[in-house]
Number of protein chains: 2
Amino acid sequence: MTSRILIVDDVPTNRIILKVKLTAACYEATMAASGPEALALARRSPPDLILLDYAMPDMDGIAVCAALRADPATCRIPVIMFTNTADEAARISALRAGADDFLIKPIDDKVLMARIRNLMRARDTTGFSATTDAIEGLGFAEPVGGFDEPGHIALLAARPETALRWRKVLAPHLNDRLSVITRAAALEGAVPAPDLYILGAELDPGISGMQMMSDLRSRPDSCHAAICLVLPNDAHAEAATALDLGADDVLRDDFDGAEVAVRAQALIARKREADRRRARLAESLRLSMTDPLTGLHNRRYALPVLGRMLAGAVQARTSCAVMVLDLDRFKLVNDRHGHAAGDTVLVEVARRLSAGLRPGDLIARLGGEEFLIAMPGISDHEAFEAAERLRRAVSARQILLPSGGALSMTVSIGLALSATGYETPDRLIARADGALLAAKAEGRNQVTMGGRTAA
Amino acid sequence: MTSRILIVDDVPTNRIILKVKLTAACYEATMAASGPEALALARRSPPDLILLDYAMPDMDGIAVCAALRADPATCRIPVIMFTNTADEAARISALRAGADDFLIKPIDDKVLMARIRNLMRARDTTGFSATTDAIEGLGFAEPVGGFDEPGHIALLAARPETALRWRKVLAPHLNDRLSVITRAAALEGAVPAPDLYILGAELDPGISGMQMMSDLRSRPDSCHAAICLVLPNDAHAEAATALDLGADDVLRDDFDGAEVAVRAQALIARKREADRRRARLAESLRLSMTDPLTGLHNRRYALPVLGRMLAGAVQARTSCAVMVLDLDRFKLVNDRHGHAAGDTVLVEVARRLSAGLRPGDLIARLGGEEFLIAMPGISDHEAFEAAERLRRAVSARQILLPSGGALSMTVSIGLALSATGYETPDRLIARADGALLAAKAEGRNQVTMGGRTAA
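Conventions and cut-offs
Residues numbered from 1 in each chain as written. Chains lettered and ligands numbered in written order. Predicted model: local features only at pLDDT ≥ 70, side-chain atom pairs only at ≥ 80, totals over all residues. Heavy atoms only, no water. Pairing = 2+ DSSP bridges. Helix = DSSP H or I, 4+ residues; strand = E, 2+ residues; numbered from the N terminus. Axes fitted to C-alpha atoms, helices over the stretch in contact; angles between N-to-C directions. Parallel < 35°, antiparallel > 145°, perpendicular 65-115°, else oblique. Contact = heavy atoms within 4.5 Å. Nonpolar A, V, L, I, M, F, W, Y, C, P; charged D, E, K, R; others polar. Expected span 1.5 Å × (residues − 1). Buried < 20%, exposed > 50% of the residue type's maximum accessible area, 1.4 Å probe, protein only. UniProt positions renumbered as here; feature names shortened; annotations may be inferred. Domains from an automatic or database assignment. 1 Å grid on protein atoms, 1.4 Å probe; cavity = no way out; pocket = protein on both sides within 12 Å on 5 of 7 lines; lining within 4 Å. Points joined across faces, edges and corners; volume = space filled by probe spheres on them. pLDDT = per-residue confidence, 0-100. Phe/Tyr/Trp six-rings, centres within 6.5 Å; stacked < 30°, edge-to-face > 60°.

**So, the sheet that holds strand β6 (residues 152–156) of chain B**
Residue and element names in this part refer to chain B.
- Across the sheet, five strands lie side by side as β7-β6-β8-β9-β10; this open sheet has parallel pairing. Edge positions in the open sheet fall to β7 (177–180) and β10 (249–252), since each of these has one partner strand only. Averaged over neighbouring strand pairs, the angle between their axes works out to 20 degrees when direction is ignored.
- As paired strands, strand β9 (residues 226–231) and β10 are joined by four bridges and run parallel to one another.

What follows is the structure, given as structure tokens:
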């Protein structure tokens, strides 16, 4: 699938010239001659990026950009606006309206193409947009947080005077904290890391801003921060490389404070949105591995973790104990006392079992009233003792029900110890399951140990 | 937190020189004088990367590397091996043992540092390792698939003769498909994309391999492929930039086929592992949004999607209908016929409701016996008709139980239509809930419509 770019310009020649360039770069270019036509096209079939003329007769670029940003269907499409005249107020309005960049003609083709690649890459900040579009919507219903905390911008140049000058130029236009830092301080990792780094073209002797950017991107504390490079005014090739290296923006070294303040705020907002999206994804992942009732891990999480434990035990030449625990006569609780009582029992049993484990042991709810426990680095004898303790912990005291009553519960435990060679989690669990059946058959409320190996 | 690098070398001077360089680059360097010492250190406290001498007296680099790769605790740590002599067989054994790179002294510092940054960045292929270490384990229990399908390597150089020469050199050492392609074909996107691109330093006039790499990385079809750049032999600065730009490897233009075959296979294996990891994460995300019993979306997914629908309805000046549906007297099913019967009823009702919807409508299980349906772009009258049809679909035929019996079920539906201004999903659902209470109070098995707005 070729990436598709929408060109919006009222002058036919301009559209054609851009289309030729984009086609040569293997993009599919579609064209619109006016703002309303562009909006209709973008809503019907959202392009991957929009190149938007600033000055058009019936609806100017700012109005088009604002309309794109207001519509959920088009609000995430990257927009590059361009114009013939370098009017500072226009630039600022365009960026405020949500343009990702604002370029002044004549536009350097290398920079334009690098900017296009850069924005297309930046769309997929989590690496999942393509596969799981739906997830993008998660959290949409959250309040957008119109009033974010002030951000933190770190300024880093070869000479402190330069960084101090940047701070002086930017400070009147920003509420964010502006701090002048050294390269070592940046790399040793401030916690929390700044939201945005603004880096000079050359830092220490032999260390360029681009190298520093790659360095920040390779370190866990700073890898998600936004980064701007300040480059000499006509350094087109360097600007293109910087954008390809992942710079979020490139600035001229005589930059205008008001304009860069708007760019900085957009970058900080984008960075925070990406942080929130990553946090939501991580939370989704956590939920996919958790049993919502007891808060224990679920089967899906437990099996691979057990797999690693078993591999580790083989490496360390120790045993790993696996127990499958099943609450005795649990069905009667649900039938006689209702689901709320059943849930209370499961939660309390989960709590009692967890309290009896060592750090590093694994506990999971396999489903229904069945639990899994794994204890690495343990002997037969210790494992049996541990299982006995867990059994007694469940039956020791009655469980109070929300209705005011109380129930005595017991648990049957099947125990198996890992063999000296690697055994899959499924096979070891099957051995523990076999032992559990024996425990049930022999009258419940007891621990039964399976044979040392099934094979 | 400073990134930590372990230096393993039996010659003290070599260790010190490397430590000075790494410290200057703001890494924390730890040192080991032998393989066993290195293994013990790495297991106790895994570093972010290991620099490993090839020739050591008691345990050589190859053995150390193999031991690192065999242990789950250390198998993912990037390893750069280095040596004094350019022995081709040694290089190949080192790569086969799992070294990520093999550098020959004198090592260019810029290239070494770029390689370190590159490998540290590459560790986090999904962007989640830091936050959700546990998830890395998902799928560990899966068979590792020792016999992967042959891969596909695309070769692209300025002149087809060059690419054909590469193919001739590589073919005897690989089972993978080797195809010579053009730039346009690569960018227009083959489906499926190759696993690995090998790109020349210069492609079409004015288009460098590095630009092409950035271009491939910015397009969805090719962004996850591995990419190698073939650079002139002493192009150290270019090699460093290529690694910072995200090249997975850089090759000399007189490369040795046997060695590059090993490198290519390692890259293809790494790329496929990253693909699998992404797929597992995407599956985890899908599961976190799905009700496991009915396969419908869950509440957590539905609310933000409904939020987007409602915002879209405001934009399009249409209404969105929201229904909350509750199975009548469902508790009796569980109590009288057991849980299996209850589950069968829920699954069948979910199926009947889904069958009555248009593409683009939303259906979710809110929990228990309660469902949510949203239908965008619909009038009051149409929505009421739709709800009536859904109500009749549930009660039209008895539901067959696994036990052989059959049950008649009915559903009560509360309906609300979105207001002209934006209303949150929660508020609209609350209005539908109010209507549902009325439907229940008036005798169940009916549709009740809430007031047009609550405010």
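**Notes on the packing of helix α4 (residues 88–96) of chain B against helix α10 (residues 257–288) of chain B**
All names here are of chain B.
- Interhelical geometry of α4 versus α10 gives an angle of 10 degrees and a closest axis separation of 9 Å. Between α4 and α10, the crossing angle belongs to the class labelled roughly parallel. Of α10, the residues touching α4 (which contributes Arg91, Ile92, Leu95 and Arg96) are Ala258, Glu259, Val262 and Arg263.
- Residue composition of the contact of α4 with α10, by class: four nonpolar, no polar and four charged.

**Structural notes on helix α14 (residues 380–395) of chain A**
Residues and elements named next belong to chain A.
- Here α14 is 16 residues long and its end C-alpha atoms lie 23 Å apart, about the 22 Å a rise of 1.5 Å per residue gives.
- For α14, the full list of buried residues reads Ala383, Ala386, Ala387, Glu388, Leu390, Arg391 and Val394.
- Buried residues in α14 make contact with β12 (320–327), α13 (339–355), β14 (370–376), β17 (411–417) and β18 (447–449).

**Considering the environment of Gly367(A)**
- Within the secondary structure, Gly367(A) is located in strand β13 (residues 362–367).
- When the C-alpha positions of Gly367(A) and Asp58(A) are compared, they lie 63 Å apart, and in sequence the two are 309 residues distant.

**Describing the UniProt feature "modified residue: 4-aspartylphosphate" (unreviewed entry) in chain A**
Residue and element names in this part refer to chain A.
- Per the UniProt record, "modified residue: 4-aspartylphosphate" (unreviewed entry) is annotated on Asp53.
- Its place among the elements puts Asp53 in strand β3 (residues 49–53).
- Among the residues examined, Asp53 registers a relative accessible area of 7% and is labelled buried.

**Side note on the domain arrangement of chain A**
- Domain boundaries in chain A define domain 1 (1–123), domain 2 (138–288) and domain 3 (297–449).
- Computed from C-alpha coordinates alone, the two centres of domain 2 of chain A and domain 3 of chain A are separated by 50 Å.

**What to know about empty space enclosed by the protein**
All names here are of chain A.
- Applying the stated rule across the entire model yields two cavities of 30 Å³ or more.
- Its boundaries defined by the atoms lining it, the largest cavity holds a volume of some 40 Å³.
- Leu310, Ala313, Val314, Thr318, Ser418, Ala419, Thr420, Gly421, Tyr422 and Glu423 are the residues that line the largest cavity.
- When its residues are assigned to classes, the lining of the largest cavity shows five nonpolar, four polar and one charged.

**Some points on the side chain of Asp215(A)**
- Within the secondary structure, Asp215(A) sits in helix α8 (residues 209–217).
- Classification of Asp215(A) by relative accessible area gives buried; the value is 5%.
- Those residues in contact with Asp215(A) that sit more than four places away from it in its chain are Leu187(A), Ala25(B), Tyr27(B) and Arg117(B).

**Considering the layout of surface pockets**
- Considering only enclosed or pocket space, the second largest pocket measures out at about 1,600 Å³ in volume.
- Considering the residues around the second largest pocket, the lining is formed by 40 residues, among which Asp291(A), Pro292(A), Asp291(B), Pro292(B) and Arg365(B) are closest to the centre.
- A per-element tally of the lining of the second largest pocket places α13(A) first, with four residues.

**Side note on the confidence of the model for chain A**
- Averaged over every residue, the pLDDT of chain A is 89; the share at 70 or more is 93%.
- Contacts for the low-pLDDT stretch residues 129–146 of chain A, under 50 throughout, to residues beyond four places or in other chains number 32 contacts.

**Some thoughts on the packing of aromatic side chains**
Residue and element names in this part refer to chain A.
- Applying the stated criterion to the full structure yields four aromatic pairs over all chains.
- Centre to centre, the rings of Tyr54 and Phe102 are 5.7 Å apart; their planes meet at 80 degrees, and the pair counts as edge-to-face. Residue Tyr54 is located in the loop between β3 and α3 (61–70), and its partner Phe102 is located in strand β5 (residues 101–104); the two are separated by 48 residues in the primary sequence.
- For Phe102, a relative accessible area of 3% translates into the label buried.

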